[in-house]
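Structural overview for review
One-letter residues, chain by chain:
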Amino acid sequence: AEDGVGRINAGLEGDFFDSTNGLVDDRVTCIEYYRDAWWIGTRDGISRFAANEFTTRNEGLVSHDIQVLYAVADTALFAGTPGGRILRWNESAGSWDRYPVLPGSWILDMVMGDDGLYVLSGDTGDPALDRFDGAAWQSLGKPSPEVRTLLWNDGLWAAGRDQAADMPGTWGRAFLARRQADTWT
């Protein structure tokens, strides 16, 4: 959204909130609910909405251009920025901790699995899939170059839409694949 964020259940008066209400920037890119607050990613940083007020949470960000926010229940909040930067919110320090830089320019999606943080990054035409195991990034294969989103539900799932081989410029079938023992099914 280029003009702010829509209605938030209970809180400030009105149906629409933007920088005049305390939102860090009107160009909203993502939103996530974490620890009883809404976290709103924008092109100029992150706002937290709780107790009917917006606060800016940009401490420690290497870029204010937020591409993805991802919450792991109430245990962790991650942000993705250009240049392959992944950050994790450190509640006690009140700032963002940096993960090692991930090769790739754009962070498209991320999900926490039992064995690490999975991140889809790079060009949307053929993104890379990597896992951070707590020590280093490992590059993983994908079921298709057209993977667009990830999910963890008793294993890693990937979904997207293949391009129709016989019809350039059009989209074919949607797919959903599960990774088991380093193989996609």
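Residues numbered from 1 in each chain as written. Predicted model: local features only at pLDDT ≥ 70, side-chain atom pairs only at ≥ 80, totals over all residues. Heavy atoms only, no water.

What to know about the overall build of the protein chain
For the protein chain, the count of helices and strands is zero helices and 16 strands. The buried share of the protein chain, reckoned over its 185 residues, is 43%. A fraction of 33% describes how many contacts in the protein chain between residues 6 or more apart in sequence connect residues 24 or more apart. In the structure as shown, the protein chain presents an accessible area of about 9,400 Å², 47% of it carried by carbon and sulfur atoms. (Helix = DSSP H or I, 4+ residues; strand = E, 2+ residues; numbered from the N terminus. Buried < 20%, exposed > 50% of the residue type's maximum accessible area, 1.4 Å probe, protein only. Contact = heavy atoms within 4.5 Å. Areas by Shrake-Rupley, 256 points an atom, 1.4 Å probe, with all protein chains shown as cover.)

Digging into the sheet that holds strand β2 (residues 37-42)
Ordered by their spatial adjacency, four strands build an open sheet running β1-β2-β3-β4, and the pairing between neighbours is antiparallel. A strand with exactly one partner marks an edge of an open sheet, and here the two such strands are β1 (28-34) and β4 (53-56). Strand-to-strand, the axes of this sheet are offset by a mean angle of 25°, without reference to chain direction. Two elements, β2 and strand β3 (residues 45-50), share five bridges in a ladder whose sense is antiparallel. Opposite W39, over in β3, you have R48 as the bridge partner. (Pairing = 2+ DSSP bridges. Axes fitted to C-alpha atoms, helices over the stretch in contact; angles between N-to-C directions.)

Brief notes about the environment of L176
With respect to the secondary-structure elements, L176 resides in strand β15 (residues 171-180). Counting along the chain gives 27 residues from L176 to T149, while the straight-line C-alpha distance between them is 9.7 Å. Setting aside residues no more than four positions away along its own chain, L176 makes contact with W157, A158, A159 and T185.

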